[in-house]
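# Residue-level structural notes
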Amino acid sequence: MTVQPIKDQVTIAVCCYNAAHYLPNLIEQLIAQQCSMPFEILIINNNSTDHTQDLLDSVTATNVQLIRYVNEFNQGIAYARNRAIEESLSSRYLVFIDADEIPEKSWLQSAINVLSDDETDCVGGKISISLSSRPKWLSDNLLPFYGEVNYSHQAFRIIDISTPIWSGNIAYNTRIFQQGLRFDVRYNRKGNALGGGEDSMMFRYLLQNNFTLRYEPDMAIMHLIPDEKIRRGYFLKIHFIAGLKHVSYEMEYEGKKIVGVPRFMFMQLCKKTYQVLYLRLIKPNAYLREAMNLTYQLGMIVGSYKKHITLKRVANI
């Protein structure tokens, strides 16, 4: 693979699908960022069906030197992020922020301050959550599933998976992508659908291969949560999908199975079902976390069965 010449420049990448209602405010905040290094704003339009295209045509026409956009026709966040990588390989740094987020004024400079240490490959920052309303059942331990990250007031090096950083607020030295490293499209999320996991897999890969990752609390953004995600069903669905993908792409089991499903999973399902029902009776506002574990288990069972059926079909061809 040909390595492109590197410019002392930052590319801020925004991957979006039907985000026209978010983009004007975000773009305004990005333009206002104070940074010691020149930067560009790159927007990846991933088959939006609202007026995102018209908005981008207008914005780029009045900010030709600062803002550009490309259309990525392969549907899904993993493809959009990979397109952002391809488009930014000539920049020294690549910074991701999502369309439904708002950066603090020092956000970009804080990221560059950390990446200017040449040993650092990646840095992630603080993510706060903004809710229009907060029901009683939405406890603090559920907020990380909206992407909340708030580990410490002090910066530190990340050494294990207990302190993950997410692609809604992350910056990379683009040298790590020059030889072909990309987000895993098996963990794709299309449009407004739930699921994904491409950023989790990238995080784990970088850790396992001894890249230098850091957390910087001054690299801070606010994540705006839409009302349709302030529901119990949102948490249950993302855990079902996570369980299904874990079995499909990561888990290998050689023990005893029933129609392709490891036998121990049925016992775990019964145990977790009892725990959910018990907690539902005695702590109606606190059972959700265990219910999420239950749907994760269901996802693994469904994934195991689907994998079994697929292998049978292949064997009969």
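Figured I'd write up the structure that's included with this text. (Residues numbered from 1 in each chain as written. Predicted model: local features only at pLDDT ≥ 70, side-chain atom pairs only at ≥ 80, totals over all residues. Heavy atoms only, no water.)

### So, the overall build of the protein chain
From N to C terminus, the protein chain includes eight helices and 11 strands. Scaling as 2.2 N^0.38, a compact globule of 317 residues should have a C-alpha radius of gyration of about 20 Å, and the protein chain matches this with 21 Å. In terms of its C-alpha atoms, the protein chain occupies a principal-axis envelope of roughly 60 × 50 × 40 Å. In the protein chain, buried positions account for 46% of the 317 residues. (Helix = DSSP H or I, 4+ residues; strand = E, 2+ residues; numbered from the N terminus. Rg over C-alpha atoms; globule rule 2.2 N^0.38 Å. Buried < 20%, exposed > 50% of the residue type's maximum accessible area, 1.4 Å probe, protein only.)

### Quick notes on the packing of helix α6 (residues 232-249) against helix α8 (residues 288-316)
Relative orientation of the contacting elements α6 and α8 amounts to 35°, with a least axis distance of 6 Å. Handedness of the crossing formed by α6 with α8: right-handed. Split into classes, the residues belonging to the contact of α6 with α8 amount to 13 nonpolar, eight polar and four charged. (Axes fitted to C-alpha atoms, helices over the stretch in contact; angles between N-to-C directions. Left-handed = near helix turned anticlockwise from the far one by under 90°. Nonpolar A, V, L, I, M, F, W, Y, C, P; charged D, E, K, R; others polar.)

### Things to note about the packing of helix α7 (residues 263-282) against α8
Their axes nearest at 9 Å, the elements α7 and α8 cross at an angle of 155°. Taken together, α7 and α8 sit at an angle that is classed as roughly antiparallel. Two packed elements cross with a definite hand, and for α7 against α8 that hand is left-handed. Residues Met265, Gln268, Leu269, Lys272, Thr273, Gln275, Val276 and Leu279 of α7 form the contact with α8, whose participating residues are Glu290, Ala291, Asn293, Leu294, Gln297, Leu298, Met300, Ile301 and Ser304. In terms of residue class, the contact of α7 with α8 is made up of nine nonpolar, six polar and two charged. (Parallel < 35°, antiparallel > 145°, perpendicular 65-115°, else oblique. Contact = heavy atoms within 4.5 Å.)

### Some thoughts on the nonpolar core
Judged by nonpolar contacts, the single largest core of 61 residues is most densely connected at Leu23, Phe96, Trp107, Tyr172 and Phe177. Not counting the four nearest positions on each side in its chain, Tyr172 is found in contact with Arg92, Tyr93, Leu94, Phe96, Leu115, Asp121, Cys122, Phe177, Phe183, Met202 and Leu206. Ranked by size, the runner-up nonpolar core spans 24 residues in total, among them Ile238, Met265, Leu269 and Leu294. (Core = buried A, V, L, I, M, F, W, Y, C linked by side-chain atoms within 4.5 Å.)

### Overview of a nonpolar patch on the surface
Together, Tyr274, Tyr278, Leu281 and Ile282 line one region of the surface with nonpolar side chains, adding up to about 500 Å² of accessible area. Along the polypeptide, Leu281 turns up in helix α7. (Patch = residues over 30% accessible without salt bridge, like charges linked within 9 Å, V, L, I, M, F, W, Y side chains within 5 Å. Areas by Shrake-Rupley, 256 points an atom, 1.4 Å probe, with all protein chains shown as cover. Salt bridge = Lys/Arg side-chain N within 4 Å of Asp/Glu carboxyl O.)

### What to know about the pattern of salt bridges
Inspection of every chain in the model, using the stated rule, returns 13 salt bridges. Residue Glu198 pairs with Arg81 through a salt bridge whose shortest N-O separation is 3.1 Å. Of the two residues, Glu198 sits in helix α5 (residues 198-208) while Arg81 sits in helix α3 (residues 77-87), which places them 117 residues apart along the sequence. Side by side, Glu198 and Arg81 carry an identical accessibility label, which is buried. The salt bridge involving Arg175 is made with Asp121; its shortest N-O contact spans 2.9 Å. Here Arg175 is found in the loop between β8 (169-173) and α5, whereas its partner Asp121 is found in the loop between α4 (107-115) and β6 (122-131), with 54 residues between them in sequence. You can call Arg175 partly exposed: its relative accessible area is 33%. In this structure Asp121 comes out as buried when scored by relative accessible area, which is 9%.

### Quick notes on the environment of Thr163
Tracing the chain through its elements places Thr163 in the loop between β7 (156-158) and β8. Along the chain, Thr163 and Arg214 lie 51 residues apart, while their C-alpha atoms are 9.8 Å from each other. In this structure, Thr163 is in contact with Tyr151, Phe156, Ile158 and Phe203, ignoring residues within four places of it in sequence.

### With respect to the pairing of strand β2 (residues 39-45)
For a regular strand, side chains alternate in direction, first toward one face of the sheet and then toward the other. The buried fraction of β2 is high, at seven of seven residues. On β2, burial covers both faces: Phe39, Ile41, Ile43 and Asn45 on one face and Glu40, Leu42 and Ile44 on the other are all buried. Regarding the hand of the β-α-β motif, the stretch spanning strand β1 (residues 7-16), helix α1 (residues 23-31) and β2 is right-handed. The sheet contact formed by β2 and strand β3 (residues 67-71) spans five bridges and is parallel. Opposite Ile41, over in β3, you have Ile67 as the bridge partner. (Right-handed = clockwise from strand over helix to strand, strands pointing away. Pairing = 2+ DSSP bridges.)

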